[in-house]
Amino acid sequence: MTHTPQPGSLAAQVLEAEREPFRGSKQTTLRGLIADGIFSKNPVFVLALSLCPAVAVTSEVTTALAMGLAVVFVLTFSNLCTSLLRRFIHPKVRLPAYIAIIATLVTMTQLLMSAYFPDLYQALGVYLALVVVFAIILARAEVFASKNSPLPAAVDGFGMGLGFLLALVVTAAVRELFGVGRLAGYPVFGADYPPILMIVLAPGGFITIGLLIALFRVVGQWRERRRAGPTTDVPAPAATGEVSHA
Amino acid sequence: MEDLVLIFFSASVINNFTLTYFLGLCAFMGVTNRIDTAVRLGLANIFVLLITSLATWLLNTYVLVHAPYLSLISYIVVIAGAVQFVEMAIKKLSPTLFRALGIYLPLITTNCAILALALFQTSRGYGLAQGLVYALGAGVGLLLALVIMAGIREEVEMSPTSKLIRGTALSFFIAGMLSLAFMGFAGLFSKA
């Protein structure tokens, strides 16, 4: 350590040391984090967290996609910031600190979206601001990012965000397709498809999500039965659930 | 006066926070297993909503006119702080009330309905009295939804249901039916 030639290489070494635990199986671990976010720990269908937007913005695929992308952005960077700051935040004030980080990121998203995509900003309305209190974002900061180094934390945030995005888009696709016979605005069933208003309005949102949760459970059981050997870590979802109410 | 009555009913039944705006679903799905817990949660909610409304009005009037881009951060921090403070005050002044509200008071702070109230109140430009009535209406609406949901779920738990939909999925179906029922209130004031 005494004869490290340049500060640049020292920084590189520190960076390497941070990544050390993931060097052996880096690919599988990071890919595993993303897969967890999409399948076994899907925020909406499995953990049943952050349900408000899942019902509210999913009457059209376009708005659902915009919401999902906003969440991917906020979740990735909030995990990254939390992880970078994890040695400086005192444990007693960690929750307010996390919320301040998240609120800053959401405000950035709002300003960017209102400047470049005013129509989408209008369509998302109050729900974009409500990303601040999404249980899933605070939960990932608390459960994962505060205990891991920046790279896995960011990947975990990205994976979870992606799972959220997919859940939103799938729900929106079902509702838009059967509600008005269109997909992202393009007619699928022809112009004379009689619109079923109930699916597009509030009750349809609840019922569609209910059906998809049941479907996801069936698929999850099938997947688990197929590879009974490697079980994913069970305590994590329980811990996340606790945080969601805190 | 008529204005305030309209705001109250509009917030409590016509645009019910949970069943029409989908706010506070985490608590709605998670905590509504029994009626008495639902009632306590609902009461604590009303309480926090009123504090939020007051805090929002103060912030909007005295602070945020100078720095509108800080709105989200200041709402969430001030609301969380105010709730903590009130919790400590109640613990000291009225232990009975504190036991009745219990753990629900701090938990509610991260409920999306609370932040949404601050945002709606701001975007609609409500004054102090209108804001407080709006908060009361929203709170009563949440209480109503929670209690109805808990009552139905108590019954459903005794019934034979498919293993696949038991739990969250079934709760969503029930919420869908309730939402359908609450849509009936939509035309309440339009003809008057």
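Values in this document were obtained by computation on a predicted structure and should not be read as measured data. (Residues numbered from 1 in each chain as written. Chains lettered and ligands numbered in written order. Predicted model: local features only at pLDDT ≥ 70, side-chain atom pairs only at ≥ 80, totals over all residues. Heavy atoms only, no water.)

Another aspect to go through is the pattern of salt bridges. All names here are of chain A. Considering all chains together, one arrives at one salt bridge over all chains under this definition. Between Arg140 and Asp156 there is a salt bridge, with the nearest N and O atoms lying 3.0 Å from each other. Placement of Arg140 in helix H8 (residues 135-143) and of Asp156 in helix H9 (residues 150-180) is noted, with a sequence separation of 16 residues between them. For Arg140, a relative accessible area of 2% translates into the label buried. (Salt bridge = Lys/Arg side-chain N within 4 Å of Asp/Glu carboxyl O. Helix = DSSP H or I, 4+ residues; strand = E, 2+ residues; numbered from the N terminus. Buried < 20%, exposed > 50% of the residue type's maximum accessible area, 1.4 Å probe, protein only.)

Our focus in this paragraph is a nonpolar patch on the surface. A grouping of A:Ile196, A:Leu197, A:Met198, A:Leu201, B:Met177, B:Leu180 and B:Met183 is seen on the molecular surface, where their side chains present a nonpolar patch of about 610 Å² in accessible area. Within the element layout of this structure, A:Leu197 appears in helix H10 (residues 197-200). On the basis of relative accessible area, A:Leu197 is assigned to the exposed category, the value being 57%. (Patch = residues over 30% accessible without salt bridge, like charges linked within 9 Å, V, L, I, M, F, W, Y side chains within 5 Å. Areas by Shrake-Rupley, 256 points an atom, 1.4 Å probe, with all protein chains shown as cover.)

Here helix H11 (residues 202-226) of chain A contains 25 residues, and its C-alpha end-to-end distance of 37 Å stays within 8% of the 36 Å for a straight helix at 1.5 Å per residue. Listing the buried residues of H11(A) in full gives A:Ala202, A:Pro203, A:Gly204, A:Gly205, A:Phe206, A:Ile207, A:Thr208, A:Ile209, A:Gly210, A:Leu212, A:Ile213 and A:Ala214. (Expected span 1.5 Å × (residues − 1).)

On to the environment of B:Leu72. Inspection of the secondary structure puts B:Leu72 in helix H4 (residues 71-93). Exposure remark for B:Leu72: the relative accessible area of 2% places this residue in the buried category. Apart from the residues within four sequence positions on either side, B:Leu72 is in contact with A:Val106, A:Thr107, A:Gln110, A:Ala129, A:Val132 and B:Leu115. (Contact = heavy atoms within 4.5 Å.)

Below, the discussion takes up unusual backbone geometry. Residue and element names in this part refer to chain B. Of note in this structure, Phe22 is not a glycine but carries a positive phi near 60°. Inspection of the secondary structure puts Phe22 in the loop between helix H1 (2-14) and helix H2 (25-30). Residue Phe22 is classed as buried on the basis of its relative accessible area of 6%.

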